[in-house]
Amino acid sequence: MESSLQRKSANPRATSVPNDLSAFWLPFTPNRAFKRAPRFITRAKDMHYFTPDGRAVLDGLAGLWCTNAGHNRDPIVAAIKREAEQLDYAPAFQFAHPKSFELASRVAALAPADLNRVFFCNSGSEAVDTALKIALAYHNVRGEGARTRLIGRERGYHGVGFGGISVGGIVNNRKFFGTLLAGIDHLPATYSREHQAFTKGEPEWGAHLADELERLVALHDASTIAAVIVEPMAGSTGVLPPPKGYLQRLRAICDKHGILLIFDEVITGFGRLGHAFAAERYGVTPDLLCFAKGVTSGAVPMGGVIARESLYEAFMQGPEHVIELFHGYTYSAHPLACAAGIAALDLYRDEGLFERAKKLEPVVAEAAMTLKGVPNVLDVRAVGVAVGIDIASRPGAVGKRGYEAMERAFHEESLMIRVSGDTLAIAPPLIVTEAQIAEIFEKTARVIRAVA
Ligand SMILES: Cc1ncc(COP(=O)(O)O)c(C=O)c1O
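Notes on the structure follow. As the structure is a computational prediction, the values presented were derived from the model and not from experiment. (Residues numbered from 1 in each chain as written. Predicted model: local features only at pLDDT ≥ 70, side-chain atom pairs only at ≥ 80, totals over all residues. Heavy atoms only, no water.)

Here we look at the packing of helix α16 (residues 400-413) against helix α17 (residues 434-450)
1) Next: Two numbers describe how α16 lies on α17: the axes approach to 9 Å, and their chain directions differ by 120°. When the interaxial angle is binned, α16 and α17 end up oblique. Considering only the axes of α16 and α17, their crossing is right-handed. Contact residues: α16 offers A405, R408, A409 and E413, while α17 offers K443, R446, V447 and A450. (Axes fitted to C-alpha atoms, helices over the stretch in contact; angles between N-to-C directions. Helix = DSSP H or I, 4+ residues; strand = E, 2+ residues; numbered from the N terminus. Parallel < 35°, antiparallel > 145°, perpendicular 65-115°, else oblique. Left-handed = near helix turned anticlockwise from the far one by under 90°. Contact = heavy atoms within 4.5 Å.)

Structure, rendered in structure tokens:
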């Protein structure tokens with residue numbers, strides 16, 4: 001039989017192989033099911049994706065919670081083009097280009113209080129690992145190197161790096177990957193269907209769950225704990241808004257024990273909850289804030305961490321020629337990402353998209369709650385421009401009804417939604433109109449009925 005090497009060398013110019021789906025190993029996707037019935041996208045504009053045959057698909061999830069300004073917006077496209085012609089790449093180690101400083105200042109200006117030092121990376125996962133490393137190093141440079149424990153939360157999603165899956169609380173993201181980081185503990189999830197079902201916004205029940213941090217402090221001692229990391233609103237496990245008062249309590253307990261508080265705002269940043277950051281919505285300032293996705297409206301990969309000034313200052317000691325933090329990525333502050341980021345922030349400001357999200361919140365919640373009573377709908381949660389919908393699992397086949405719903409939405413209803421197990425997520429770009437919000441939930445209702 002001909003080897004794959006021979007096959008390749010037989011036609012060295014065959015760089016693109018139409019109709020061959022075998023080479024690409026799709027991330028977070030059931031590959032065999034996908035390759036049997038692919039869902040292709042070749043173009044996008046504003047609120048829509050387009051399939052190869054030109055069918056418009058309404059984007060119900062801002063790509064993957066990231067295209068907050070909508071797709072292929074002219075100013076962002078133009079900024080990327082201009083930058084690509086001018087500066088393809090510049091190292092951020094020992095050198096820099098001006099747009100990295102400009103974007104850092106712009107991001108810092110959006111963050112509350114003294115969160116004003118910005119470290120750039122390329123994704124949410126890198127942002128989380130960066131924040132965890134900064135937290136550990138911060139205690140170290142202050143002479144509290146025994147503070148090594150990191151505390152996450154059940155049902156938390158912090159990307160897929162070893163740090164992120166260790167503090168994360170999703171069993172399938174953890175169980176295949178060995179022992180993970182040592183010295184990790186978890187707070188309980190804040191969701192209870194019994195106490196919170198069909199809540200609009202933050203549920204009344206659950207603030208007391210922050211007190212579990214006191215239990216972990218009693219168990220491990222504060223002198224061993226570096227940081228607590230939570231998503232202010234847990235997105236990936238189904239839009240779980242924080243109970244009223246929960247984040248404030250977490251902040252108070254961290255302060256009491258000298259523990260750093262990290263907010264993972266990879267989803268909640270850049271308008272999703274009607275504010276630049278959820279920290280502002282909840283009036284709680286973390287010590288480190290992770291962002292990604294919406295910073296470029298998804299157009300170029302980028303992530304980062306915003307640190308409190310005092311935290312940054314703690315590193316600024318020792319001889320001036322010595323690096324203060326031994327961490328960074330080849331593509332930190334990539335010129336194309338910085339150009340896209342500045343253009344995206346301009347768009348958010350000029351079009352008032354964060355305020356728009358705030359105004360749309362009751363419209364989204366109202367439309368979402370029309371799903372109550374649709375067969376198999378167990379709960380609907382709505383906060384900002386984000387909705388989680390739990391549907392009942394098929395007996396003995398967890399995730400099957402959810403998968404069928406997502407497939408059917410794409411093929412039959414021309415709607416893109418996200419599914420994780422039997423939980424559907426909806427979080428469209430912030431330019432979504434009220435008519436499109438109604439369309440999204442009418443289509444979703446039809447889909448859920450069809451897979452009953
Ligand atoms: C809260 C949170 N943190 C981290 C990540 C990981 O981001 P990325 O996929 O860019 O690595 C995500 C992705 O959805 C996220 O929602």
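Considerations on the pairing of strand β5 (residues 149-153)
1) Next: The buried count for β5 comes to four of five residues, which makes it a mostly enclosed element.
2) Next: Bridge count between β5 and strand β6 (residues 184-187): four bridges; the pairing is parallel. Opposite R153, over in β6, you have L187 as the bridge partner. (Buried < 20%, exposed > 50% of the residue type's maximum accessible area, 1.4 Å probe, protein only. Pairing = 2+ DSSP bridges.)

Focus on the sheet that holds β6
1) Next: If you walk across this open sheet you meet the seven strands as β4-β10-β9-β8-β7-β5-β6, and the pairing is mixed. Pairing within the sheet leaves two strands with one partner each, and these edge strands are β4 (115-121) and β6. Averaged over neighbouring strand pairs, the angle between their axes works out to 20° when direction is ignored.
2) Next: Relative to strand β8 (residues 260-264), strand β7 (residues 225-230) runs parallel, the two sharing four bridges. What sits directly across from V228, in β8, is L261.
3) Next: This element, helix α5 (residues 98-110), spans β4, β9 (288-291) and β10 (303-308) of the sheet and lies at about 130° to β4.
4) Next: The sheet strands contacting helix α11 (residues 246-257) are β5, β6, β7, β8 and β10, and the helix crosses β8 at an angle near 150°.

Describing the site of the ligand
1) Next: The local shell around the ligand consists of S123, G124, S125, Y157, H158, G159, E231, S236, D264, V266, I267 and K293.
2) Next: For the ligand, an oxygen atom lies 2.6 Å from a polar atom in the side chain of S125.
3) Next: One of the side-chain N or O atoms of K293 is found 3.0 Å from an oxygen atom in the ligand.
4) Next: Protein coverage of the free-state accessible area of the ligand, which is 390 Å², stands at 83%.
5) Next: Split into classes, the residues belonging to the shell around the ligand amount to three nonpolar, six polar and three charged. (Near = heavy atom within 4 Å. Polar contact = N/O pair within 3.5 Å; in protein donor to acceptor, adjacent residues only side chain to side chain. Areas by Shrake-Rupley, 256 points an atom, 1.4 Å probe, with all protein chains shown as cover. Nonpolar A, V, L, I, M, F, W, Y, C, P; charged D, E, K, R; others polar.)

A few points about the pattern of salt bridges
1) Next: The full count for this structure, using the stated rule, is 29 salt bridges.
2) Next: The partner of R394 in a salt bridge is E404, and the shortest N-O contact between them spans 2.6 Å. Placement of the pair is R394 in the loop between β12 (386-391) and α16 and E404 in helix α16, with a sequence separation of ten residues.
3) Next: Each of D114, R251, D255, D287 and R308 takes part in one network of salt bridges that share partners. (Salt bridge = Lys/Arg side-chain N within 4 Å of Asp/Glu carboxyl O.)

Brief notes about a nonpolar patch on the surface
1) Next: A surface patch of nonpolar side chains, amounting to about 440 Å² of accessible area, comprises F162, F176, F177 and L181.
2) Next: Looking at the element boundaries, F162 is found in helix α7 (residues 162-167). (Patch = residues over 30% accessible without salt bridge, like charges linked within 9 Å, V, L, I, M, F, W, Y side chains within 5 Å.)

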